[in-house]
Amino acid sequence: MGASNVGRTAEATKLLHKALRALPVGTGDPDALAVRIRILSALSYTEAETGTVADGMIHLGTASDLVGALPDGPRRLTLRGRIFHQQGLMMLRVGRLQDAVNAYNQGIPLLEQAVDDPAGDPELLAKSHLNRGLAFIELGRPAPAERDARRCLELATTFNIPRLVEKAQGNLGEIAHLVGDIPKALTYLEAAERAFRKEAPGVAARAKIDQAKALLAAGVTDEAARQLDEALPVLRALRLSQDLAEAEVVRAGAALLQGELELAKQLAGSAHRRFVKRGSAPWAEVAALTRMQAETTAALAGDDSKASPARAARLAQRLAEVGLTDEAAKAIMLGVRLAVRGGATGTAETLLQQVPPPSKLAPIDHKMLLRLCRAELSLAQGDTKRVLAEARAGLDELSRVRDRMGGLDLLCGTAVHGQELGRLALSLVLDGARTQRDARRLLGWQERTRAQIYRYEPLPAIDNDELASRVTELRGVLRTLQQARVERRPETVSVLERRSAVLQREVSRLGWHTSKWGRPRPVCSPEEIIARLGDRALVSFAGPRDTLAAVVVAGGRTDLVRLGPIEEPLETAKQLHADLDALAPDELVAPLAAAVSASANRRIARLDELMAPVIRLLGDRDVVIVPGGGLYQVPWGSLPSLRGRPLTVAPSATAWVGAAARSAPVGGQDVVLVCGPGLPESITELNRLRAIYPDAAVLEGEAATTAAVLARMDGANLVHIAAHGTHEPANALFSRLELADGGLLAHELARLKNPPEHVVLASCELALSHIRPGDEALGFAGALLASGSRTVVAAVCRVGDRSSAETMTDYHRWLVSPAAADLANTMTDYHSRLASGAAPSTALAQATAADPLRRPFICLGAG
């Protein structure tokens, strides 16, 4: 029966039938009878898994009849308890949860009575508690589920059953997920999956399903999809039809969040057929609900779809009949959205009245869907005040979920659950905006719906030796991979790329559950933002759908500027970025440089023209720009109308206010200068900066290791790093700076205990961000800002070594004083020198104006 325990049910079924044939028939020997009962009860489960529950119940009925022939005593109690255990397990697997609990409620007392007798079965008792706990989890009852998990742990520890210790910890992970503690859930589930990876691949694959569910709750859809894509082939090979179908349903959910509607429908349809074949009626309706979600999304987008309010209502009735009340409510809500879309507000209102208030443990996507239904119906009925009230309440609920997350990935991911609600509110306010008051209200909604990760005050990180070890290994792999690419060794490159992908995932996962990320700060109100701006101006772009607009705060006014269709500005910005990348090499031949420069200047002129209605309102003020989406890649200082003007780019106005309010670090090195390998021009740059900062700590050559640089950065006032940089668009936290021993990852910067106040990255592209739902922009520079740095200067494009060195030399001279050489002999304190010079945004404006096409640096944070 070991094959059954490790997820090889088809093999177990063959062995069990063989064992039955080997037993003598018609004997009244109690020992032989007990063996037959055990075999039949095991066979009931394996045949239910590979065939139907009806097949399994036949064997279980036979076993139950045979138990009556045994004499009273501990063995009879244990075998009767075994039959109830198997019955409960089969009910659990097909989604008949209360039937499962009832079976275990009958079996567990029998097993407890016999547990201390030699004929007792402590392992079976532990499994019964484990599985009843799973039923309680699915029923949304965390307290009895935890009691069962703790009892299972107690038995497994007492009787030395390590496999059940790990499974019980998996249950604790699911309980943590149920109550909304995603970091703790991932900690337990990761440990369980890892423990079973070699010895029980079927159980490990099952654990991946549970991990994926937790990741989807956190909005980390790509990693959830990868987990399931790894689990599905294993489950197919092992013919674990129930787990396979469950994995398909969860993978369909991931596809929905990724916008892959056809894949979602295909997977949900496949799962539905498997569940029907198994006789798993509740699970079959869950699969039907997932398919209905995909069809509803398609219908709402204007595509052909079979979804209708009537079909949704019928599905809700079927879900309710099998006891799935939360799922039934979700089906009704899909019907509400479809009715609103079709103009049937009366039908929508009737359906919405049937949706019960969500329970305290309802998942966040359920709560947000209900808020969205109410908001969409209110909009259709003309009640705009109710629309905004629902959006405000929903986003507040989402914030409370986000507050519990660990790691920037999870913090970012939760925004996916609120993007439709936020977009609805923004569009409503934008469409109705006519006055300055309306513009201020739009600014307030922009702040509620974008870049929430930057309003957290990071908490001290918990040291994690395993995480540090994986980061070190990844650094070495990335360095070797880079060398293999240069040497054109494709087989080595392929191996190293696979290893790099594995390590990146492990580093991400370990980062998710090291500790809660930070302490939330409130979103700034428009009044707070305006007061903090003083004489500066603010441009906050908004593009919730297909049009681009900007809120402009300047000179005591708050104006809304409508810039028209969003497509042209975004496409022009993308083309400009490509031109500037092409223009970056220092030794570009003159004819090619002239041609690319002409193209770039045309793009810049067009962007300048498109932005003219905004720029006219700014006067000669310093400007804070909140770009959003594809506008993050614009080097704003290159626009003729903004050239030479102090500009600061921030993910949100709240992020800018928070950065501007940060105090300087205490007790660290004033200035740190770092020079990475392979940059001849940076030697000259470093020598020039030494003259400006004679007391700076300098790390160059073999001394510029990641550990040394991180140690010096911690608590520093100013850190200047000249090194090759790599932006990783797929996972920006693995963007890196190349140092003596390999890449310094953005991931490592995110938890500096005392982050540097001002960081200058004389590298390519490290101001770029990966834009996730909710306009959550995250990259190398973003990781520094999120960890608490006040100002970061970095490039949004590739930049030549010589151009970078010249830009940075000019920047630092302006930063401390145009007469830096004279000051070098009289001022050594960073803040004294800064007080005599220009603000970072002013210094950068002067430094980049000399050659705006080859100096694509921006100032992020406070400026």
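Residues numbered from 1 in each chain as written. Predicted model: local features only at pLDDT ≥ 70, side-chain atom pairs only at ≥ 80, totals over all residues. Heavy atoms only, no water.

J.: Before we move on, could you go through the packing of aromatic side chains and cite the residues and values that matter?
T.: Under the defined criterion, the tally for this structure stands at two aromatic pairs. Look at F541 and W636: their rings are 5.6 Å apart centre to centre, the planes differ by 20°, and that puts the pair in the stacked class. In this pair, F541 is assigned in strand β3 (residues 537-542) and W636 in the loop between β6 (623-626) and β7 (647-649), connecting sequence segments 95 residues apart. F541 gets classed as buried once you look at its relative accessible area, which sits at 3%. A cation sits over an aromatic face here: R448 above W445, 5.4 Å from the ring centre. (Phe/Tyr/Trp six-rings, centres within 6.5 Å; stacked < 30°, edge-to-face > 60°. Helix = DSSP H or I, 4+ residues; strand = E, 2+ residues; numbered from the N terminus. Buried < 20%, exposed > 50% of the residue type's maximum accessible area, 1.4 Å probe, protein only. Lys NZ or Arg CZ within 6 Å of the ring centre and 35° of its normal.)

J.: Go over the packing of helix α10 (residues 182-196) against helix α11 (residues 201-217) with me, naming the residues and quoting the values.
T.: Running from N to C, α10 and α11 point in directions that differ by 165°, and their axes come no closer than 8 Å. When the interaxial angle is binned, α10 and α11 end up roughly antiparallel. Crossing of α10 over α11 shows left-handed handedness. Counted together, I182, L186, L189, E190, E193 and F196 of α10 and P201, V203, A204, A207, K208, D210, Q211, A214, L215 and A217 of α11 form the full contact between these two elements. Here the contact of α10 with α11 is composed, by residue class, of eleven nonpolar, one polar and four charged. (Axes fitted to C-alpha atoms, helices over the stretch in contact; angles between N-to-C directions. Parallel < 35°, antiparallel > 145°, perpendicular 65-115°, else oblique. Left-handed = near helix turned anticlockwise from the far one by under 90°. Contact = heavy atoms within 4.5 Å. Nonpolar A, V, L, I, M, F, W, Y, C, P; charged D, E, K, R; others polar.)

J.: Describe the nonpolar core, naming the residues involved and giving the relevant values.
T.: If you look at the biggest cluster of nonpolar residues, it comprises 104 residues, and the most contacted ones within it are F541, M611, W636, M713, I721 and L761. The residues touching L761, leaving out its near neighbours within four places in the chain, are I721, L737, L766, F780, L784, V792, V793, A794, A795 and F857. Within the second largest apolar cluster, 49 residues are counted, among which are L92, A100, A156 and L172. (Core = buried A, V, L, I, M, F, W, Y, C linked by side-chain atoms within 4.5 Å.)

J.: Mind laying out the side chain of S399, listing which residues take part and the relevant values?
T.: Here S399 is to be found in helix α20 (residues 384-402). Beyond its immediate sequence surroundings of up to four residues, S399 is in contact with R455 and Y456.

J.: Describe unusual backbone geometry, naming the residues involved and giving the relevant values.
T.: Positive phi, close to 55°, is recorded for N160, a residue that is not glycine. Considering the arrangement of structural elements, one finds N160 in the loop between α8 (142-158) and α9 (162-178). Judged by relative accessible area, N160 falls into the exposed class, the value being 63%.

J.: Account for the pairing of strand β18 (residues 857-861), with residues named and values stated.
T.: Burial runs high along β18: five of the five residues are buried. Pairing analysis gives five bridges linking strand β17 (residues 791-795) to β18, with the strands arranged antiparallel. Bridged to A795 within β18 is F857. (Pairing = 2+ DSSP bridges.)

In short, geometric facts, not functional conclusions.
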